[in-house]
Amino acid sequence: EILRADRAFARAEMGIADDIPVVFSFGGSLGAKTINTAMVDIIAEYANEKNIRFIHGYGQYGKWMPDALREKGVEKYSVCFGENGKPYLENLPCFFNLSHSGDFVCCATGEREVGLDCEKIKPVREAVIKKVLTEKERKTLKDTDGDFIRFWTLKESHLKHSGRGITEELYRLDFSEFSKTDSFRLGNLYFTVECIDEYYISVCSEEKEREFIKVNP
């Protein structure tokens, strides 16, 4: 599990005092429905408590949660979705993006828009490489599978930053000049990419400073 955030900075941005406990939760795969249902009841039970805050990420299979919470009288902060499905927090000055692959779940946060992608290194077919990478990018490949996944996460983090997702051809984005650079600027965007335990994680943001923090379950 990967979480990237500065505790003091995040609390200040969200207006949460240091002495107020924060419950951060999310559910995935087959357990998502059970966790989401439980969190609706828990959040509703503590809705009027001023000394606790809840942040819950539910993904595409939990879009019913805001309506369920409103039915229980909870609607201060709602997770909404942009035109292409990117989630955002209504009435909360904090941006976030989620990604998962294999055993990793990642979350990127910031005071400005952010895009994140995580992918496990795995064998890639030549046809996929030609479809996704530009000719310049293909010429930089040495460790074919790892280098391809690295380029993929950079491209997808860029698209997720804008909220478009995979709605345009990935080969239109070229990162060949940054094949050996783990942190760089492209226009007004900053990119950071890191390989952790055979996973590549890329973040695209308008903020320069980025830190990766690994939290083991």
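Our subject is the structure that appears above.
Residues numbered from 1 in each chain as written. Predicted model: local features only at pLDDT ≥ 70, side-chain atom pairs only at ≥ 80, totals over all residues. Heavy atoms only, no water.

A. Broad picture of the nonpolar core. Of all hydrophobic cores here, the largest spans 20 residues; its most connected members are Ile 129, Leu 133, Phe 148, Leu 154, Phe 175, Phe 184 and Phe 191. Elements supplying a minimum of two residues to this core: α4 (126-132), α6 (144-162), β10 (189-196) and β11 (199-205). Looking at this core element by element, the count peaks at 5 residues for α6. Counting 10 residues, the second largest nonpolar core, distinct from the first, contains Ala 108, Cys 118, Tyr 199 and Val 203. (Core = buried A, V, L, I, M, F, W, Y, C linked by side-chain atoms within 4.5 Å. Buried < 20%, exposed > 50% of the residue type's maximum accessible area, 1.4 Å probe, protein only. Helix = DSSP H or I, 4+ residues; strand = E, 2+ residues; numbered from the N terminus.)

B. Representation of the sheet that holds β11 in the model. In spatial order, the strands read β8-β11-β10-β9; together these 4 strands make up an open sheet with antiparallel pairing. A strand with exactly one partner marks an edge of an open sheet, and here the two such strands are β8 (114-120) and β9 (183-186). Between one strand axis and the next, the sheet turns through 15 degrees on average, direction left out of account. Where β9 and β10 come together, 4 bridges link them in antiparallel fashion. Across the sheet, residue Phe 184 finds its bridge partner in β10, namely Phe 191. Along the sheet face, α6 touches β8, β9, β10 and β11 and points at about 155 degrees away from the line of β8. (Pairing = 2+ DSSP bridges. Axes fitted to C-alpha atoms, helices over the stretch in contact; angles between N-to-C directions. Contact = heavy atoms within 4.5 Å.)

C. Molecular detail of the pattern of salt bridges. A full pass over the atoms with the stated rule returns 5 salt bridges. Linking Asp 67 and Arg 70 is a salt bridge whose minimum nitrogen-to-oxygen distance equals 2.7 Å. Of this pair, Asp 67 and Arg 70 both sit in helix α3 (residues 65-71), separated by 3 residues, roughly a single helical turn. Judged by relative accessible area, Asp 67 falls into the partly exposed class, the value being 43%. Here Glu 135 makes a salt bridge to Lys 139, at a shortest N to O gap of 3.7 Å. Pair noted here: Glu 135 and Lys 139 are both in helix α5 (residues 135-139), with a separation of 4 residues, about one helical turn. (Salt bridge = Lys/Arg side-chain N within 4 Å of Asp/Glu carboxyl O.)

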